[in-house]
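Here is what each chain is made of, one letter per residue.
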Amino acid sequence: MAEQKTTSRKKQRRSVPSGQLHIQATFNNTIVTFTDKKGNALAASSAGACGFRGSKKGTAYASQIAAEKASEAAASLYGLKAVDVYVKGVGLGRDAAIRAVGAYDISVESIKDVTGVPHGGTRPRKARRA
């Protein structure tokens, strides 16, 4: 019986000059994702993936390191030069992540806040006591 040999083509290294940067900044973590114009992920990183644990994941410094790591990968692997930034969430790492991207010769074309705002919806949880 002859064995069938499956040949897998090596993924072609494509050039993506402009794309999108999605930043999800929660109180507990910051996730940074570079995508092409269609939204297909190119490079991603988070504060937790960069070695930060516990309450340190929610800091601005942690999101800065995560953004640097992701932008280095996107710039070197795909030649990314310009991004439209989409920020979601209310964490501390919103601004720090955008500033960190500028250090890697990636120009920020626009910044848009896409944080979800409830209108109607389910009943809110009880208020925290101070």
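Refer to the structure presented above.
Residues numbered from 1 in each chain as written. Predicted model: local features only at pLDDT ≥ 70, side-chain atom pairs only at ≥ 80, totals over all residues. Heavy atoms only, no water.

With the rule as written, the count across this model stands at two salt bridges. Asp-113 serves as the salt-bridge partner of Arg-94, at 2.9 Å between the closest nitrogen and oxygen. Of this pair, Arg-94 sits in helix α2 (residues 94-102) while Asp-113 sits in strand β5 (residues 107-113); the two residues are 19 residues apart in sequence, bridging distant segments of the chain. On the accessibility criterion, Arg-94 (22% relative accessible area) is partly exposed. (Salt bridge = Lys/Arg side-chain N within 4 Å of Asp/Glu carboxyl O. Helix = DSSP H or I, 4+ residues; strand = E, 2+ residues; numbered from the N terminus. Buried < 20%, exposed > 50% of the residue type's maximum accessible area, 1.4 Å probe, protein only.)

With that settled, consider α2. When α2 is considered as a whole, its buried residues turn out to be Ala-96, Ala-97, Ile-98, Ala-100 and Val-101. In this structure, the buried side of α2 is in contact with β1 (18-25), β2 (30-35), α1 (60-78), β4 (82-89) and β5. (Contact = heavy atoms within 4.5 Å.)

A surface patch of positive charge is lined by Arg-125, Lys-126, Arg-128 and Arg-129. Relative to the assigned elements, Arg-129 resides in the segment after β5. What makes Arg-129 exposed here is its relative accessible area of 83%. (Patch = residues over 30% accessible without salt bridge, like charges linked within 9 Å, V, L, I, M, F, W, Y side chains within 5 Å. Areas by Shrake-Rupley, 256 points an atom, 1.4 Å probe, with all protein chains shown as cover. Lys, Arg positive; Asp, Glu negative; His and termini not counted. Charge placed at Lys NZ, Arg CZ, Asp CG, Glu CD.)

The periodicity of an α-helix, 3.6 residues per turn, causes residues three or four positions apart to be oriented the same way. If you check α1, its first and last C-alpha atoms are 26 Å apart, about what 19 residues at 1.5 Å a residue would give, namely 27 Å. For α1, every residue scored as buried is listed here: Ala-62, Ser-63, Ala-66, Ala-67, Ala-70, Ser-71, Ala-74 and Tyr-78. Each buried residue of α1 sits inside an arc of 155° when the element is viewed along its axis, so together they form one side. Residues of α1 that are buried sit in contact with β2, β3 (41-46) and α2. Measuring from the backbone nitrogen of Ala-62 back to the side-chain oxygen at the start of α1 gives 3.3 Å, which picks out Thr-59 as the cap. Count one or two residues on from α1 and you reach Gly-79, which has phi positive near 65°. (Expected span 1.5 Å × (residues − 1). Arc of directions from axis to C-beta. Polar contact = N/O pair within 3.5 Å; in protein donor to acceptor, adjacent residues only side chain to side chain.)

With that settled, consider the sheet that holds β3. The strand order across the open sheet built from five strands is β3-β2-β1-β4-β5, with neighbouring strands paired in mixed fashion. On the outer flanks of this sheet lie β3 and β5, each paired with one strand and no other. Along the sheet, successive strands turn relative to each other by an average axial angle of 20°, direction set aside. Packed on one face of the sheet, α1 meets β2 and β3 and runs near 155° to β3. (Pairing = 2+ DSSP bridges. Axes fitted to C-alpha atoms, helices over the stretch in contact; angles between N-to-C directions.)

We now examine the pairing of β2. For β2, a buried count of five out of six residues is recorded, marking the element as mostly surrounded by other parts of the structure. Note: β1 against β2, six bridges, orientation antiparallel. Counterpart to His-22 in the pairing with β2 is Thr-33. Between β1 and the antiparallel strand that follows it, β2, lie four residues. Here five bridges tie β2 to β3, and the two strands are oriented antiparallel to one another. Note on β3: the bridge partner recorded for Val-32 is Ser-45.

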